Amino acid sequence: MAADLGELLVPYMPTIRVPRTGDRVYKSECVFSFDSPESEGGLYVCMNTFLGFGREHVERHYRKTGQSVYMHLKRHVKEKATGAAAGAVPRRRNGKVFLDLELNRDFNGEDYEYEDEAKLVIFPDHFEIPLPNIEELPALVTIACDAVLNAPSAYKKQELESWEEEIQVSRHARSLRQLDNGVRIRPSGWKCQKCEMRENLWLNLTDGAVLCGKWFFDGSGGNGHALDHFKETKYPLAVKMETITPDGADVYSFEEEEAVLDPHISEHLSHFGIDMLQMQKKTENGHHTDNNSRPRVSEWEVIQESGMKLKAVFGSGYTGVKNLGNSCYLGTVIQVLFSIPDFQRMYVGNLQRIFDYSPLDPSQDFATQMAKLGHGLLSGLYSKPPMKSELIEQHQQKGVSPRMLKALVSRGHPEFSSNRQQDAHEFLQHMVNLVERNSAGSENPSDVFRFLVEERVQCCQTRRVRYTQRVDYCIQLPAPIEAATNREELVAYETKRREAEENMQAPPDPVTARIPFTACLQAFTEPENVPDFWSSALQAKSAGVKTSRFSSFPEYLVLQIKKFTFGVDWVPKKLDLAIDVPDFLDLSRLRATGLQTSEEELPDLLPPIVLPEDTRDNSMGSIDSPEIDEAAVMQLAEMGFPLEACRKAVYYTGNMGPEMAFNWIIAHMEEPDFAEPLTLPSEALMDPGPSTSESPMGGTPPGNSPPEESISILTSMGFPRAHSIQALKATNNNLERALDWIFIHPEQQEEESDVLSDGADTQPNDNAFSNGNNTHSDSTLSPDRGASGPRVKDGPGRYELFAFISHMGASTMSGHYVCHIKKEGRWVIYNDHKVCLSERPPKDLGYIYFYHRLSSS
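Residues numbered from 1 in each chain as written. Predicted model: local features only at pLDDT ≥ 70, side-chain atom pairs only at ≥ 80, totals over all residues. Heavy atoms only, no water.

**Here's the deal with the packing of aromatic side chains**
Where we set the bar: Stacked, edge-to-face and tilted labels apply to pairs of Phe, Tyr and Trp rings (six-membered ring for Trp) whose centres lie within 6.5 Å, assigned for plane angles under 30 degrees, over 60, and everything in between, in that order. Exposure is judged per residue with a 1.4 Å probe applied to protein chains only, and the accessible area is read against the type maximum: over 50% gives exposed, under 20% gives buried, and values in between give partly exposed. Secondary structure elements are defined from DSSP: runs of H or I of at least 4 residues count as helices, runs of E of at least 2 residues count as strands, and each element is numbered from the N terminus. The criterion for a charge sitting over a ring is simple: Lys NZ or Arg CZ within 6 Å of the ring centre, and within 35 degrees of the ring normal.
In the structure shown here, the tally under the stated rule is 23 aromatic pairs. Both rings, one in tyrosine 252 and one in phenylalanine 254, keep their centres 5.4 Å apart while their planes meet at 70 degrees; by these two values the pair is edge-to-face. Given a relative accessible area of 24%, tyrosine 252 falls into the partly exposed group. Ring geometry for tyrosine 329 against phenylalanine 427: centres 5.4 Å apart, planes inclined by 80 degrees, an arrangement best described as edge-to-face. Taken as a pair, tyrosine 329 in helix 8 (residues 328-337) and phenylalanine 427 in helix 13 (residues 424-437) lie far apart in primary sequence, 98 residues in all. With respect to class, tyrosine 329 is no different from phenylalanine 427; both count as buried. One aromatic cluster in this structure is built from Phe338, Phe343, Tyr347, Phe366 and Phe449. Directly above the aromatic system of phenylalanine 32 lies the positively charged group of arginine 60, at a separation of 5.2 Å from the ring centroid. Above the plane of the ring of phenylalanine 34 lies lysine 372, whose end atom (NZ or CZ) is 5.0 Å from the centre.

**With respect to the nonpolar core**
Selection criterion: Remark: nonpolar core denotes a set of buried residues (Ala, Val, Leu, Ile, Met, Phe, Trp, Tyr, Cys) joined through side-chain atoms within 4.5 Å.
Formed by 94 residues in total, the largest nonpolar core has its most connected members in Leu120, Tyr347 and Phe449. In terms of nonpolar packing, the next biggest core, distinct from the first, is built from 32 residues, Leu477, Ala479, Ala484 and Leu577 among them.

**Things to note about the packing of helix 8 against helix 13**
Note the cut-off: Structural elements are reduced to axes, namely lines fitted to C-alpha atoms, with helices fitted over the stretch in contact, and the angle between N-to-C directions of any two is expressed from 0 to 180 degrees. When describing relative orientation, an angle under 35 degrees is termed roughly parallel and one over 145 degrees roughly antiparallel, while 65 to 115 degrees is termed roughly perpendicular and anything else oblique. By the definition used in this description, the sense in which the near helix is turned from the far one sets the handedness, with an anticlockwise turn below a right angle giving left-handed and a clockwise turn giving right-handed. Contacts: residue pairs with any heavy atoms within 4.5 Å of one another. Ten residues, namely Ala, Val, Leu, Ile, Met, Phe, Trp, Tyr, Cys and Pro, are considered nonpolar, four, namely Asp, Glu, Lys and Arg, are considered charged, and the remaining ones, Gly among them, are considered polar.
Two elements in contact, helix 8 and helix 13, have axes whose closest approach is 9 Å; the angle formed by their N-to-C orientations is 55 degrees. Relative to helix 13, the element helix 8 lies oblique. Like other packed secondary-structure pairs, helix 8 and helix 13 cross with a definite hand, here right-handed. Along the contact surface, helix 8 presents Tyr329, Leu330, Val333, Ile334 and Leu337, while helix 13 presents Ala424, Phe427, Leu428 and Met431. Of the residues that constitute the contact of helix 8 with helix 13, the class distribution is 9 nonpolar, no polar and no charged.

**A closer look at the packing of helix 18 (residues 643-652) against helix 19 (residues 658-668)**
The geometry of helix 18 relative to helix 19 is characterised by a closest axis approach of 8 Å and an angle of 120 degrees between their N-to-C directions. Comparing the axis directions of helix 18 and helix 19 gives the class oblique. In the crossing of helix 18 with helix 19, the sense of the turn from one axis to the other is right-handed. Residues Ala645, Cys646, Lys648, Ala649, Val650 and Tyr652 of helix 18 touch helix 19, and the partners they reach there are Ala661, Trp664 and Ile665. Considered class by class, the residues forming the contact of helix 18 with helix 19 number 8 nonpolar, no polar and 1 charged.

**So, the pairing of strand 1 (residues 43-46)**
As a reminder, the rule being used: For two strands to be treated as a pair, DSSP must find no fewer than two bridges joining them.
Judged by which residues are buried, strand 1 turns out to be covered on both faces: Leu43 and Val45 on one side and Tyr44 and Cys46 on the other are all buried. As judged from the 3 bridges shared by strand 1 and strand 2 (residues 52-54), these two strands associate in the antiparallel manner. Its bridge partner being in strand 2, tyrosine 44 is matched across the sheet by phenylalanine 53. In this structure, the hairpin formed by strand 1 and strand 2 is closed by a connection of 5 residues, where phenylalanine 50 is found at a positive phi of approximately 65 degrees.

**Considering the sheet that holds strand 11 (residues 258-261)**
Strand order across the open sheet formed by 6 strands is 6-11-10-9-7-8, with mixed pairing between neighbours. Of all the strands in the sheet, the pair left with one neighbour each is strand 6 (168-169) and strand 8 (210-212). Contacts from helix 5 (residues 225-233) reach strand 7 (201-204) and strand 8, with the element oriented near 120 degrees to strand 8.

**Notes on the environment of isoleucine 848**
Within the secondary structure, isoleucine 848 sits in strand 31 (residues 846-853). Of the residues examined, isoleucine 848 reaches a relative accessible area of 0% and is grouped as buried. Expressed as a C-alpha distance, the spacing of isoleucine 848 and leucine 428, which sit 420 residues apart in the sequence, is 10.0 Å. Excluding anything up to four places from it in sequence, isoleucine 848 contacts Ala424, His425, Val558, Leu559, Gln560, Ala803, Phe804 and Ile805.

**Quick notes on the sheet that holds strand 18 (residues 528-529)**
The strand order across the open sheet built from 4 strands is 15-14-21-18, with neighbouring strands paired in antiparallel fashion. Here the strands that pair on one side only, and so sit at the sheet edges, are strand 15 (465-472) and strand 18.

**Topic: the confidence of the model for the chain**
Worth spelling out the cut-off: The quantity known as pLDDT measures the predictor's confidence residue by residue, on a range of 0 to 100.
Summing up the model confidence of the chain, the mean pLDDT is 79 and the portion of residues at 70 or higher is 76%. Overall, residues 105-109 carries pLDDT values under 50, and its contacts beyond four positions in sequence, including any with other chains, amount to 7 contacts. Below pLDDT 50 for its whole length, residues 160-166 participates in 15 contacts with residues either more than four positions away or in separate chains.

**Some words on the environment of methionine 13**
Mapped onto the elements of the fold, methionine 13 is located in the loop between helix 1 (2-9) and strand 1. Put simply, methionine 13 and proline 138 are 125 residues apart on the chain and 9.2 Å apart in space, counted from C-alpha to C-alpha. In this structure methionine 13 touches Pro138, Leu140 and Val141, once residues within four positions along its chain are discounted.

**Some remarks on helix 3 (residues 139-150)**
How we decide: The span one expects for a helix is its residue count, reduced by one, times 1.5 Å. Read the arc as the range of directions from the helix axis to the C-beta atoms.
Taking 1.5 Å of rise per residue, 12 residues should cover 16 Å, and helix 3 covers 16 Å from first to last C-alpha, within 8% of that figure. Among the residues of helix 3, Val141, Thr142, Ala144, Cys145, Val148 and Leu149 are the ones counted as buried. Buried residues of helix 3, seen end-on, are gathered within an arc of 165 degrees and therefore sit on one face of the element.

**Description of the pattern of salt bridges**
Selection criterion: We define a salt bridge as a contact between a side-chain nitrogen of Lys or Arg and a carboxyl oxygen of Asp or Glu at a distance within 4 Å.
Scanning the entire structure with this criterion turns up 29 salt bridges. We note a salt bridge from glutamate 415 to lysine 240, for which the minimum N-O separation is 2.8 Å. Of this pair, glutamate 415 sits in the loop between helix 12 (403-409) and helix 13 while lysine 240 sits in strand 9 (residues 237-240); the two residues are 175 residues apart in sequence, bridging distant segments of the chain. Of the two residues, glutamate 415 and lysine 240, both sit in the buried class. Note that arginine 647 is salt-bridged to glutamate 630, the shortest N-O span being 2.8 Å. Placement of arginine 647 in helix 18 and of glutamate 630 in helix 17 (residues 630-638) is noted, with a sequence separation of 17 residues between them.

**A few points about the side chain of asparagine 200**
Heads up, the rule is: The definition of a polar contact used here is a pair of N or O atoms within 3.5 Å, where within protein one atom must be able to donate a hydrogen and the other to accept one, and adjacent residues in sequence count solely through side-chain atom pairs.
Among the secondary structure elements, asparagine 200 is positioned in the loop between strand 6 and strand 7. For asparagine 200, the side chain forms a polar contact with the side chain of tryptophan 202, separated by 3.1 Å.

**Brief notes about the side chain of glutamine 369**
If you trace the backbone, glutamine 369 turns up in helix 11 (residues 366-378). Separated by 2.9 Å, the side chain of glutamine 369 and the backbone oxygen of proline 362 make a polar contact. Apart from residues no more than four positions distant in its own chain, glutamine 369 is found in contact with Val31, Pro362, Ser363, Met404, Leu405 and Leu408.

**Looking at the environment of lysine 322**
Along the chain, lysine 322 turns up in the loop between helix 7 (297-303) and helix 8. C-alpha of lysine 322 to C-alpha of serine 401: the two residues are 79 residues apart in sequence and 5.1 Å apart in space. Discounting chain neighbours no more than four positions away, the residues touching lysine 322 are Ser327, Lys398, Gly399, Val400, Ser401, Pro402 and His833.

**Here's the deal with unusual backbone geometry**
Between phenylalanine 123 and proline 124 the backbone carries a cis peptide bond, its omega angle lying at 10 degrees. Secondary-structure assignment places proline 124 in the loop between strand 4 (112-122) and strand 5 (127-131). Following leucine 131, the chain continues to proline 132 via a peptide bond in cis, the omega torsion being 0 degrees. On the secondary structure map, proline 132 appears in the loop between strand 5 and helix 3. The phi torsion at glutamine 539 lies on the positive side, around 60 degrees, for a residue other than glycine. Looking at the element boundaries, glutamine 539 is found in the loop between strand 19 (534-535) and strand 20 (540-541). For glutamine 539, a relative accessible area of 46% translates into the label partly exposed. Despite not being glycine, aspartate 832 shows a phi value in the positive range, around 55 degrees. Tracing the chain through its elements places aspartate 832 in the loop between strand 29 (826-831) and strand 30 (834-837). Classification of aspartate 832 as buried rests on a relative accessible area of 16%.

Okay, here's the thing in structure tokens:
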């Protein structure tokens, strides 16, 4: 028999590998589904790639790769024998429970026993060889099988690497030099010292410089000034401002090029006047809360609907998400995303196509893991009711584990790769960013969130105006405490609180501020001052005010309530407030109107640029050494694009930042010389461009065509080619000014609409919100108007609430998240793996609200 087995395995020996250091053995869950060794069909582990496959998916892997040898793992779960044998040691096939897996929590360990079984299976004939079979198998096969059985599960390895081992103590932490320069950081109102960025700010722990981080695809991030500062000073450590909490902060080492731990972070922050000495503790259910948790008890009970006998629901769309330990922020966002038809259609509707065309390692493919999780949530396979009616009360909902998706989407991210609680809103932005990045050239479900915002800036001295537009995905509503309907009660509480503090007494019971939603909306629409406004009419700095309106309304509107602020002690805290958020919302009155006949535009002039003396002296230097923003190049390269392509993208977009360069990459990535080294067109470099005297209008002479790269960038945004060329000629080929010119001159774009459609459907959009004054209607921004256009799904501004995410705790970096989603006319609460019908959905205590657009009928 031994000779027979040896001869049988000889043709497959070259494909059988022994796991090496660094190899991950996926022996606890299928890469395409949530099948495991406990599933009816068990799990098949490829003896070459060590990927795990359920019975339904192993054939696909065999057909795609030709790999024939798999290890089949099966865990049998049985009820213990009653009577005298009830207390006996569980029976263990093969002498032990040898699979390195967590015990299924659905089965009480005192009432059930586990038996593990392993065997080799050879495809396509499904020939089985029971294990262990040391005497009959070749030595290499025996060693490989033993190594697979004894290897730690890929999930445990990933958790150790992602949440513990990857983030090491910085070698600079203990000996960090901090300058005694008198810098003190105030608890709010920060902005980058080199630009106007007010988010993604990093505090250098050596000199206290507050600078912006790198740019992200969704428009968030910064201009990379924190990295530039390190290159100039070599000061290695920086902390992200928004992450500073009483139990830590996110620290990055520029010199070590990774997220790090700083055991002395409290001391380092106190050097700049930041106090973070309050401690936090963990509650029994694994969620973080603060020591002074008594004021938050009511909030926890109300949001989770504690004390009510909630009815569990099962089936398609009613599957929970297991909490991996402070991963509820991920679970709630994923539940909401997969309640939206566009996400369902993209990932679940295309499931077979995504799986069939997945790469050789599906665990590292975003579309595959989204399809896997979406199918798990929507199929109903993992949300089945109990078989016996008398066990309904005791039946535990299983839910699906998001481990594989979390490991993928958080890789390299200093915050989401940790095992700490995170901000659900930031994670939503992160997911939209990933969906955008992985949907190039295909359907993009995040289009449903995208809309255009019109910003109107007025010079207070001359009363002249400028209109610009930007893309956004979420509306952040302020919560004006001064508008609370119970102000007298709040004032009385504050008086009692101060008296108790002075007299060293227990604080009074907190009072929740009740703020009308209309007040939040009013605060959002009110004019705001523009800091450091430069008036082109005065050619000098002046006072300016800005108002924002909707140029288009998204199909799904996301509202975030700005509940969080920083106290005077620099500790982030959540405002205790309730807002009467409506079920139905009409924002039609906030539709942008564009330039009015009574208004006069500010001149289309840019602020003067003061160049350093050496830059002016070398402005006509060698054409062989073009200036390229290397920081922008590296940001693009980190996204996975070839380095030379990134250099070309930054160069051809005139160093205007990663966002413009990214658009160039998307427009040119299919070209055969995409990754070839940068070659400079000598004529273009030698030509300094037309002077004002040569072109009276300040643009490009009619005979000269703008650079093709600039035209491609604008057309990739969905603008007609002829209109793009006209805009570039009118602005001396300045991309940023050309974009403004296009928005200011929509009439030329409308004249070119026939060229843009080029055979596309020219029927009017029935859902388009008709507005004669709207300069950017759905007819010019519809996804049907261009394959690579801005894809803004405009329509009426009337909405209905269908979901909201709520937060419990004192900070977004601690506490717990749950979400409520309206399905089949009923509100359902999703609390980790538990899914129940909601009795009293706490709409007034939400943090992020999701509305879907109502039809125009």
